[in-house]
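Chain by chain, the residues:
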Amino acid sequence: MRISYSALENFKHCPLKYKFSQIDKIKEPKSKEAIFGSYIHKILKWFYQQDPNFPTLKTLLAYYKEHWPQKTEGFSWPDKREENLYFKEGQRILQDFYRKNIPPQSSIVDLETPFEVVITEDPSRLDKVHILSGIIDRVDKLPNGMVEIIDYKTGKRIPSQKQVDNNMQLSLYAIGLKNRWPNLSLDNLSLSLYF
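The model shown is predicted, which means the values in this text are computed figures rather than measured ones.

## Comments concerning the packing of aromatic side chains
Item 1. One pass over the full model with this rule turns up 17 aromatic pairs.
Item 2. Seen in terms of ring centroids, F36 and Y86 are 5.3 Å apart; in terms of plane orientation they differ by 70 degrees. Their pairing is edge-to-face. Of this pair, F36 sits in helix α3 (residues 32-49) while Y86 sits in helix α5 (residues 80-101); the two residues are 50 residues apart in sequence, bridging distant segments of the chain.
Item 3. With a relative accessible area of 9%, Y86 lands in the buried category.
Item 4. Residues F47 and Y98 carry aromatic rings whose centres are separated by 5.9 Å and whose planes lie at 70 degrees to one another, so their mutual orientation is edge-to-face. Linking F47 in helix α3 with Y98 in helix α5, this pair joins segments that are 51 residues apart in sequence.
Item 5. Put simply, the rings of F47, Y48, F54, F97, Y98, Y152 and Y194 touch in pairs and so form one group of aromatic residues.
Item 6. Note that R138 overlies the ring of Y48, its terminal NZ or CZ placed 4.3 Å from the centroid.

In structure tokens:
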């Protein structure tokens, strides 16, 4: 079985939702929050692909405006006012992000890094082999030699420190990166959620 972290979270919160999406393969339309979050990820990926010649804030915001999703995967904004609120929130997020992160204090090692973690219940049976897969938003090398796994979050609610400490997502990402880069020492790894 192949499964992602988000599918595991679906199962944890609502097994029926997991069944509909993963077993019955019923496609759920993306919500405006999911479209918005994916779009911000796309913009940040484009931005960091320009390394080492990072665009100015003006160029970043122009790219954001030019590629704003009007209609995608069956989704369209319910009304212009709501779309405008999301658009302005994205501008605010990018301005804040730029102010805090440029010039960068680390070197970008990889963007949108795919990974797999194989879990074997019984090596003699293929139906007992499970693959957890995902994509790491960004991997940086810090000035002190540490490697940082970064996952972007665009949700409106920031979780408590206790919730972050119990979040398995970054632990899974660390195992996945270690599988991709076997020489990576877990002692030199930093895990960050960027809200």
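## Quick look at the pattern of salt bridges
Item 1. Applying the stated rule across the entire model yields nine salt bridges.
Item 2. Of the charged contacts, one joins D96 and R99 as a salt bridge, the two residues approaching to 2.2 Å between their closest N and O atoms. On the criterion of helical spacing, the pair formed by D96 and R99 is a turn pair, its members being three residues apart in helix α5.
Item 3. One salt-bridge network, in which partners are shared between bridges, spans D96, R99 and K100.

## What about helix α7 (residues 169-180)?
Item 1. The first and last C-alpha atoms of α7 sit 17 Å apart over 12 residues, in line with the 16 Å expected at 1.5 Å per residue.
Item 2. Every buried residue of α7 is listed here: Q169, L170, L172, Y173, A174, G176 and L177.

## Structural notes on the pairing of strand β6 (residues 147-152)
Looking along a regular strand, one sees the side chains alternate between the two faces of the sheet.
Item 1. Within β6, six of the six residues are buried, leaving the element largely enclosed by the surrounding structure.
Item 2. Residues V147, I149 and D151 of β6 are buried on one face, and the alternating residues E148, I150 and Y152, pointing to the opposite face, are buried as well.
Item 3. In terms of strand pairing, strand β5 (residues 129-141) meets β6 through four bridges, oriented antiparallel. Within the sheet, the bridge partner assigned to R138 lies in β6 and is I150.
Item 4. Between β5 and β6, which pair antiparallel and follow one another directly, the connecting turn spans five residues, one of which, G145, has a positive phi of 95 degrees.
Item 5. Relative to strand β7 (residues 189-194), β6 is paired through six bridges, and the arrangement is parallel.

## Examining the packing of α3 against helix α4 (residues 57-66)
Item 1. It is at 11 Å that the axes of α3 and α4 come closest, and there the two elements cross at 140 degrees. Taken together, the axes of α3 and α4 are oblique relative to one another. The interaxial crossing formed by α3 with α4 has right-handed handedness. On the side of α3, the interface is formed by F36, Y39, I40, I43, W46 and F47, while α4 contributes T59, L60, Y63, Y64 and K65.
Item 2. Tallied by class, the residues present in the contact of α3 with α4 amount to nine nonpolar, one polar and one charged.

About the thresholds
Residues numbered from 1 in each chain as written. Predicted model: local features only at pLDDT ≥ 70, side-chain atom pairs only at ≥ 80, totals over all residues. Heavy atoms only, no water. Phe/Tyr/Trp six-rings, centres within 6.5 Å; stacked < 30°, edge-to-face > 60°. Helix = DSSP H or I, 4+ residues; strand = E, 2+ residues; numbered from the N terminus. Buried < 20%, exposed > 50% of the residue type's maximum accessible area, 1.4 Å probe, protein only. Lys NZ or Arg CZ within 6 Å of the ring centre and 35° of its normal. Salt bridge = Lys/Arg side-chain N within 4 Å of Asp/Glu carboxyl O. Expected span 1.5 Å × (residues − 1). Pairing = 2+ DSSP bridges. Axes fitted to C-alpha atoms, helices over the stretch in contact; angles between N-to-C directions. Parallel < 35°, antiparallel > 145°, perpendicular 65-115°, else oblique. Left-handed = near helix turned anticlockwise from the far one by under 90°. Contact = heavy atoms within 4.5 Å. Nonpolar A, V, L, I, M, F, W, Y, C, P; charged D, E, K, R; others polar.

In short, geometric facts, not functional conclusions.
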